[in-house]
Amino acid sequence: MQRIRLRYTKRGRLRFTSHRDFQRAFERALRRAEVPMAYSAGFTPHPKVSYANAAPTGVGSEAEYLEIALTAQRDPEKLRALLDESLPTGLDVVDAVEVRTSGLADRLTASVWELRLDGVTVETAEKAVRTFLAAETVEVQRQTKNGMRTFDTRGAVADLQALPPQADRPLDDACAILRLVVRHLTPAVRPDDVLSGLRAVADLAPPVPAAVTRLAQGLFDEESGTVTDPLAPDREAAPAAPQTAAGTVSATAPEGPAAQGRSS
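Note that the structure is predicted; figures quoted are calculated from it, not measured.

Peer 1: Could you clarify how one ought to interpret the pattern of salt bridges in this entry?
Peer 2: Any two side chains of opposite charge can pair if their charged atoms end up close together. Summed over all chains, the structure comprises 17 salt bridges. A salt bridge links R190 to D192, with the shortest nitrogen-to-oxygen separation between them at 3.0 Å. Ionic contacts of the salt-bridge type, sharing partners, join the residues R3, R5, E67, R107 and D234 into one network.

The following block contains the structure:
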């Protein structure tokens, strides 16, 4: 059995796709691409697909991960391209590696988020961020399936910055970008929880809902404060390609990471 790990995106209007909707679309893509999937046992066999830490509905993402099990060997890059063609634009498969290490879920310890606050000036956002980071705890409440829960949003935030928008926006159009690094704790703290915390301690209340996008997720490096690529260990563990007599890499060498998928 071969296992492949994939990174996919949720872009544009497809950010409103629920996780269950994506599961159905992905299983159809597997059939269209004629992927030799391994199936579970029992009366209702299902393709062996493992999803890791999916983003909430309504949130865009450049870094969603899943793992599939195959009954026959396939080239990861060719498989990625076939699945990408079989999915709608916006659900783009952008990277694929063969599984060579264990514990993908254990390497997803933090996420990098971008929150677009239209109608909020950068100065206002910066002041709110300073107030939030100066607090020891910032508790908020959210309704969950187990009832009302209280979260300390400050403890989960590893980094928070207020940045200006891209230069293509009109100068008189107020907009601030929050760049947020959140540790994956239990209970999980989401970007909207952090926005609730900013409202509680700094009275930051954007006039329109924030546009939220996950830029990355992976292992959090405490020393550098960065989030590393969770697929890198699998690429690094790949066997070296054999050399020809002339010293060049043979045609059987594994291909590098995939380029970005179709633009949304």
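Peer 1: Is there a simple way to explain the side chain of R154 in this structure?
Peer 2: Here R154 lies in helix α4 (residues 153-156). Buried charged residue R154 carries no salt bridge. Nearest counter-charge: D152, at 7.3 Å. At 3.3 Å, the side chain of R154 and the backbone oxygen of L133 are in polar contact. A distance of 3.1 Å separates a polar side-chain atom of R154 from the backbone oxygen of V157.

Peer 1: Help me out: how do you make sense of the packing of aromatic side chains in this one?
Peer 2: For any pair of aromatic rings, geometry is given as the distance between the ring centres together with the angle between the planes. Here the structure, examined in full by the defined rule, presents three aromatic pairs. Here the aromatic rings of Y8 and F22 are separated by 4.1 Å at their centres, their planes lie at 5°, and the arrangement is stacked. Taken together, the residues span a long stretch of sequence, with Y8 in strand β1 (residues 2-10) and F22 in helix α1 (residues 19-32) at a distance of 14 residues. With respect to burial, Y8 and F22 carry one shared label: buried. With centroids separated by 5.8 Å and ring planes inclined at 20°, the aromatic side chains of F22 and F26 adopt a geometry described as stacked. Of the two residues, F22 and F26 both sit in helix α1, four residues apart, roughly one turn of that helix. The two residues F22 and F26 agree in class, both being buried.

Peer 1: Is there a simple way to think about the environment of M148 in this case?
Peer 2: Assignment of secondary structure puts M148 in strand β7 (residues 147-152). When neighbours within four sequence positions are excluded, M148 is seen to be in contact with Q141, R142 and Q143.

Peer 1: What should I look at first to understand unusual backbone geometry in this one?
Peer 2: For the bond running from T186 to P187, omega is 0°, close enough to zero to count as cis. Inspection of the secondary structure assignment puts P187 in the loop between β9 (175-183) and α5 (191-202). Phi is positive for E34, which is not a glycine, with a value near 55°. Along the chain, E34 turns up in the loop between α1 and β2 (49-52). One non-glycine residue, D203, lies in positive phi territory at about 55°. By the secondary structure assignment, D203 is in the loop between α5 and β10 (211-218). Residue classification places D203 among the exposed residues on the basis of a relative accessible area of 63%.

Cut-offs used in this document
Residues numbered from 1 in each chain as written. Predicted model: local features only at pLDDT ≥ 70, side-chain atom pairs only at ≥ 80, totals over all residues. Heavy atoms only, no water. Salt bridge = Lys/Arg side-chain N within 4 Å of Asp/Glu carboxyl O. Helix = DSSP H or I, 4+ residues; strand = E, 2+ residues; numbered from the N terminus. Buried < 20%, exposed > 50% of the residue type's maximum accessible area, 1.4 Å probe, protein only. Lys, Arg positive; Asp, Glu negative; His and termini not counted. Polar contact = N/O pair within 3.5 Å; in protein donor to acceptor, adjacent residues only side chain to side chain. Phe/Tyr/Trp six-rings, centres within 6.5 Å; stacked < 30°, edge-to-face > 60°. Contact = heavy atoms within 4.5 Å.

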